[in-house]
Amino acid sequence: MRIDILTILPGMFVGPLEEGMIRKAREMGLVEINVVNIRDFTTDKHHVTDDYVFGGGPGMVMKAEPIIAAVEHSCRWSEGEGVNPRVILLSPSGEVFTQEMAVSLSSERHLVFICGRYEGVDERVRQTVMTDEVSIGDYVLTGGELPAMVITDAVVRLIPGVLNKEEAAEEESFSMGILEGPHYTRPREFRGMYVPEVLVSGNHQLIARWRRKEALRRTWHRRPEMLRDAVLSPLDRKLLAEIWLEEGAAEN
Ligand code: SAM
């Protein structure tokens, strides 16, 4: 996979792309990440990337020409490879990013992120080169750089070979349609709090049942709306009934 991140602040990516899983994925050759300075695609003497808003109003808008030139430059690679690039504009007006979207993007060959700044980008970027408009949540950040990092992180860890078997993403929150349950590591006792007996029992069937039940319990408490859409097995329904009884008993 190749990821091109188009920004006027390339320095923001120096740390995040050079640590942890992303660094490992790059070193293993599983992903190539290029941070592209939009300013390099300006044609004027002062390398201007923004201008005043037509019609008046506060703030500045990012100019279309250098962004489109940068996207076209990046997309020459996908043209050569015969693949369709996903050109993703980061924007609070976009479709809200989810794990499902991360899974879908992780099977693409070429992602191009456009990081906006100021009031955003000239509308003609949307009309020409953009294929997707994505938001990372209902709040406004100063730029698209952090959203590009968030999405890159969520996508790269799903590329086959990036996570090892122990870290496999299949049983994580959202991938299972519900949240993940609690985890414990050593010591078995810490400040009077004990690791649940079942987890040290060695009985794998009981451990799997406990984990599923606690995942369901956590989802029920924190994100009950997820249970409405989750695919629940007959055992899940039984576990939920048990939780309901236990929680009811705890309340009384
Ligand atoms: N005027 C814009 C609006 O009201 O939607 C907000 C612009 S914001 C200050 C500057 C840039 O940050 C945006 O163009 C976008 O690239 C990025 N950005 C801010 N919040 C974001 C979010 N929640 N998701 C994705 N990108 C975001």
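Rules and cut-offs
- Residues numbered from 1 in each chain as written.
- Predicted model: local features only at pLDDT ≥ 70, side-chain atom pairs only at ≥ 80, totals over all residues.
- Heavy atoms only, no water.
- Core = buried A, V, L, I, M, F, W, Y, C linked by side-chain atoms within 4.5 Å.
- Buried < 20%, exposed > 50% of the residue type's maximum accessible area, 1.4 Å probe, protein only.
- Helix = DSSP H or I, 4+ residues; strand = E, 2+ residues; numbered from the N terminus.
- Pairing = 2+ DSSP bridges.
- Expected span 1.5 Å × (residues − 1).
- Contact = heavy atoms within 4.5 Å.
- Near = heavy atom within 4 Å.
- Polar contact = N/O pair within 3.5 Å; in protein donor to acceptor, adjacent residues only side chain to side chain.
- Domains from an automatic or database assignment.
- Axes fitted to C-alpha atoms, helices over the stretch in contact; angles between N-to-C directions.

K.L.:
Before we go on, may I ask you to explain the nonpolar core in this structure?
P.N.:
Soluble globular proteins tend to bury their nonpolar side chains together. Ile3, Ile5, Val31, Phe97, Leu111, Phe113 and Ile151 are the most contacted members of the largest nonpolar core, which totals 28 residues. Of all elements in the fold, only strand S1 (2-7), helix H1 (20-27), strand S5 (86-96), helix H3 (99-105), strand S6 (110-114) and helix H5 (145-156) reach the threshold of two or more residues within this core. Ranked by residues supplied to this core, first place goes to H5 with six residues. Ranked by size, the runner-up nonpolar core spans 19 residues in total, among them Val36, Met62, Ala64 and Cys75.

K.L.:
Is there a simple way to explain the pairing of strand S2 (residues 32-37) in this structure?
P.N.:
Within a regular strand, the side chains alternate between the two sheet faces. Pairing of S1 with S2 involves six bridges; the strand directions are parallel. Residue pairing for S2: Ile3 is matched across the bridge by Ile33.

K.L.:
Can you walk me through helix H2 (residues 64-81) in this structure?
P.N.:
In an α-helix there are 3.6 residues to a turn, and that puts residues three or four apart on one side. Along its 18 residues, H2 runs 26 Å from first to last C-alpha, staying within 8% of the 26 Å computed at 1.5 Å per residue. Every buried residue belonging to H2 is among Ala64, Pro66, Ile67, Ile68, Ala70, Val71, Ser74, Cys75 and Ser78, and all of these are buried. Residues of H2 that are buried sit in contact with S1, S2, strand S4 (60-62), S5, S6 and helix H4 (123-128). Just downstream of H2 lies Gly82, where phi reads positive at about 70°.

K.L.:
Before we go on, may I ask you to explain the site of the ligand in this structure?
P.N.:
With respect to spatial proximity, 19 residues lie near the ligand, and among them Leu90, Gly116, Gly137, Tyr139 and Leu141 are the closest. Interatomic distance of 3.0 Å between a backbone N/O atom of Leu141 and a nitrogen atom of the ligand. Looking at which element gives the most residues to the shell around the ligand, the answer is S5, with three residues.

K.L.:
Honestly, the environment of Ile5 in this entry has me stumped. Any pointers?
P.N.:
Within the secondary structure, Ile5 is located in strand S1. Overall, the relative accessible area of 0% leaves Ile5 in the buried class. Residues Ile5 and Glu145, 140 residues apart in the sequence, show an inter-C-alpha distance of 8.4 Å.

K.L.:
It is not clear to me how the side chain of Thr42 should be interpreted in this structure. Could you clarify?
P.N.:
Here Thr42 is to be found in the loop between S2 and strand S3 (50-52). Looking at Thr42, the relative accessible area reads 11%, which means it is buried. Within the structure, Thr42 has its side chain in polar contact with the backbone oxygen of Arg39 (distance 2.7 Å). At 2.9 Å, the side chain of Thr42 forms a polar contact with the side chain of His47. The contact partners of Thr42, leaving out residues within four places of it in the chain, are His47, Val48, Thr49 and Pro66.

K.L.:
Would you mind going over the domain arrangement of the chain with me for this structure?
P.N.:
Domain annotation of the chain identifies domain 1 (2-166) and domain 2 (189-251). Look at where the C-alpha atoms of domain 1 and domain 2 centre, and you get two points 39 Å apart.

K.L.:
Help me out: how do you make sense of the sheet that holds S1 in this one?
P.N.:
Two strands in a sheet stick together by hydrogen bonds in their backbones, pointing the same way (parallel) or opposite ways (antiparallel). Taken together, the five strands give an open sheet; going across it, the order is S2-S1-S6-S5-S7, and neighbouring strands pair in parallel fashion. One side of each edge strand has no neighbouring strand; the edge strands of this open sheet are S2 and strand S7 (132-135). Pairs of neighbouring strands in the sheet enclose a mean axial angle of 30°, with direction left out of account. Sheet topology note: the S5/S6 ladder contains four bridges and is parallel. Note on S6: the bridge partner recorded for Ile88 is Phe113.

K.L.:
Looking at this structure, how should I read unusual backbone geometry?
P.N.:
One can expect most non-glycine residues to show negative phi and most peptide bonds to be in trans. Note that the residue after Arg186, namely Pro187, is joined by a cis bond; omega there is 5°. With respect to the helices, strands and loops of the structure, Pro187 is situated in the loop between H5 and strand S8 (189-190). Positive phi values are uncommon outside glycine, yet Tyr118 reaches one of about 55°. One can find Tyr118 in the loop between S6 and H4. Judged by its relative accessible area of 40%, Tyr118 falls in the partly exposed class. Residue Arg191 is not a glycine yet carries a positive backbone phi of 50°.

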